[in-house]
2 protein chains.
Amino acid sequence: MGMGMGMEGNRGVMVENEGAMTGEAAATTMEEQLEMVAKAFVDHYYNTFDNGRALLGPLYAATSLLSFEGQMVKGVADIVQKLTQLPFDQCRHHISTIDSQPSGPAGGILVFVSGNLQLPGEEHHLRFSQMFHLIPTPPGSFFVQNDIFRLNYG
Amino acid sequence: MGMGMGMEGNRGVMVENEGAMTGEAAATTMEEQLEMVAKAFVDHYYNTFDNGRALLGPLYAATSLLSFEGQMVKGVADIVQKLTQLPFDQCRHHISTIDSQPSGPAGGILVFVSGNLQLPGEEHHLRFSQMFHLIPTPPGSFFVQNDIFRLNYG
């Protein structure tokens with residue numbers, strides 16, 4: 001089953017489930033569809049982060065909250081500023097686990113990620129955990145309402 | 001500022017902010033109040049887990065979801081069964097960080113926890129991360145709608 005992902009207008013991520021268009025989706029459960037959306041979001045998010053994190057802005061909205069290592073900022077401009085001012089130029093995320101659960105009757109999705117990231121010139125990886133609350137913005141697209149990131153120190 | 005916590009009927013956790021009753025809360029921001037609720041919930045949750053996790057049942061509801069190391073179960077009975085059948089009798093959680101964000105207009109709270117836990121007879125601690133989506137059930141009480149737990153392997 002294929003899955004494409006593209007930008008939906010100026011805001012959010014559109015997740016296309018090609019299976020749904022060919023009828024394959026009839027054989028998938030809601031849980032499997034949530035997992036596919038979460039996987040597509042996570043691939044898109046960390047690829048974008050690692051290749052130019054200023055471009056993450058369209059995934060957030062004016063109401064979005066980011067807590068990064070305990071510091072909370074709100075809104076697209078402050079979130080992008082926080083992300084682009086992190087004290088490293090490049091990094092590489094490696095994802096270990098993705099958990100997803102439905103959130104509320106309006107089609108929200110909670111996505112919980114664990115993994116590690118490697119900074120330039122650093123031999124050791126840093127463990128991290130991160131959660132996202134995705135809110136649907138029809139048709140078939142989502143934005144990040146809540147984002148909480150923590151390094152996991154040994 | 002004092003804070004008490006008790007059970008609200010048969011379902012949920014009631015968080016009492018004594019400061020609010022004496023007028024102290026006027027000096028606290030919404031962010032500080034969220035942090036107090038999250039801290040009180042986390043204290044209550046892990047104390048209960050470590051001293052008799054079968055008693056966590058009243059914190060969940062029929063719609064609640066628990067993803068524990070990638071396995072998802074739904075509802076109070078299955079969640080309590082999952083928690084009580086974990087292959088150890090006792091454990092001790094040590095909390096490192098608590099992050100909280102408001103979720104939606106209805107007063108929900110996202111709580112993101114990192115820490116470590118020690119099992120009986122084990123010398124080494126295990127790192128974990130866990131998130132909770134708390135939904136308000138008036139007056140002043142919450143239940144856990146979403147719960148995602150992961151060990152963080154080195």
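Residues numbered from 1 in each chain as written. Chains lettered and ligands numbered in written order. Predicted model: local features only at pLDDT ≥ 70, side-chain atom pairs only at ≥ 80, totals over all residues. Heavy atoms only, no water.

Caption draft 1: Focus on the interface of chain A and chain B. In this complex, chain A contributes 27 residues to the contact, which on the side of chain B involves 27 residues. Taken over both partners, the interface formed by chain A and chain B buries close to 2,300 Å², and the fraction arising from carbon and sulfur atoms is 59%. Applying the counting rule to chain A against chain B returns two salt bridges. Where Asp99(B) meets Arg150(A), a salt bridge forms, and the shortest distance between an N and an O atom there is 2.7 Å. Counting across the interface, chain A meets chain B through 13 residue pairs in polar contact (both at pLDDT 80 or more). The set of elements that each furnish at least two residues to the side of chain A that touches chain B consists of strand S3 (60–68), strand S5 (92–103), strand S6 (108–118), strand S7 (126–137) and strand S8 (141–151) of chain A. (Contact = heavy atoms within 4.5 Å. Buried area = accessible area lost by both parts, 1.4 Å probe. Salt bridge = Lys/Arg side-chain N within 4 Å of Asp/Glu carboxyl O. Polar contact = N/O pair within 3.5 Å; in protein donor to acceptor, adjacent residues only side chain to side chain. Helix = DSSP H or I, 4+ residues; strand = E, 2+ residues; numbered from the N terminus.)

Caption draft 2: Layout of the pairing of S7(A). The pairing of S6(A) with S7(A) spans nine bridges and is classified as antiparallel. Its bridge partner lying in S7(A), Val113(A) is registered against Gln130(A). (Pairing = 2+ DSSP bridges.)

Caption draft 3: Broad picture of the pairing of S8(A). All names here are of chain A. Most of S8 is tucked away, with eleven of its eleven residues classed as buried. In the sheet, S3 pairs with S8 via five bridges, with the strands oriented parallel. Bridging from a neighbouring strand, Ser 67 pairs with Ile 148 of S8. With ten bridges joining them, S7 and S8 adopt antiparallel strand pairing. Bridge pairing in S8 places Ser 129 opposite Arg 150. Counting the residues in the hairpin turn of S7 and S8 gives three residues, including Gly 140, whose phi is positive at 70 degrees. (Buried < 20%, exposed > 50% of the residue type's maximum accessible area, 1.4 Å probe, protein only.)

Caption draft 4: Here's a closer look at the environment of His133(B). Secondary-structure assignment places His133(B) in strand S7 (residues 126–137). Sequence separation between His133(B) and Gln145(B) is twelve residues, and the spatial gap between their C-alpha atoms is 5.5 Å.

Caption draft 5: Examining helix H2 (residues 30–52) of chain A more closely. For H2(A), spanning 23 residues, the distance from its first C-alpha to its last is 33 Å, which sits close to the expected 33 Å at 1.5 Å a residue. Leu34(A), Val37(A), Ala38(A), Ala40(A), Phe41(A), Val42(A), His44(A), Tyr45(A), Tyr46(A), Thr48(A), Phe49(A) and Asp50(A) are the residues of H2(A) that are buried. (Expected span 1.5 Å × (residues − 1).)

Caption draft 6: Geometry of the relation of the copies chain A and chain B. For the pair chain A and chain B, the best superposition has an RMSD of 0.0 Å and corresponds to a rotation of 180 degrees with a translation of 0.0 Å parallel to the axis. Seen this way, the second copy is the image of the first under a two-fold rotation axis. In terms of C-alpha distance to the rotation axis, chain A has Ser129(A) as its closest residue, with the C-alpha 3.4 Å off the axis. Both copies share a contact surface, since 100% of the interface residues of chain A are interface residues in chain B too. (Least-squares fit on C-alpha atoms with pLDDT ≥ 70 in both.)

Caption draft 7: Representation of the confidence of the model for chain A within the structure. All names here are of chain A. For chain A, the mean per-residue pLDDT works out to 86, and 83% of the residues sit at or above 70. At the level of individual helices and strands, chain A shows its lowest average pLDDT in strand S1 (residues 3–7), which scores 40, and its highest in S3, which scores 98. Here residues 1–9 is a poorly scored stretch, pLDDT under 50, and it has 34 contacts once near neighbours within four places are set aside; other chains count. (pLDDT = per-residue confidence, 0-100.)

Caption draft 8: Here's a closer look at the side chain of Thr97(B). Here Thr97(B) is to be found in strand S5 (residues 92–103). One polar contact links Thr97(B) to Ser114(B), side chain to side chain, over a distance of 2.6 Å. Apart from the residues lying within four places of it in its own chain, the contact partners of Thr97(B) are Arg150(A), Phe112(B), Val113(B) and Ser114(B).

Caption draft 9: Main features of the pattern of salt bridges. According to the stated counting rule, one finds five salt bridges over all chains in the structure shown. A salt bridge links Asp43(A) to Lys39(A), with the shortest nitrogen-to-oxygen separation between them at 2.8 Å. Note that Asp43(A) and Lys39(A) are positioned in helix H2 at a spacing of four residues, about one turn of the helix. Judged by relative accessible area, which is 43%, Lys39(A) ranks as partly exposed. Notably, a salt bridge pairs Arg92(B) with Asp50(B), separated by 4.0 Å at the nearest N-O pair. Of the two residues, Arg92(B) is situated in strand S5 and Asp50(B) in helix H2 (residues 30–52); the sequence distance between them amounts to 42 residues. By relative accessible area, Arg92(B) is classed as partly exposed at 37%.

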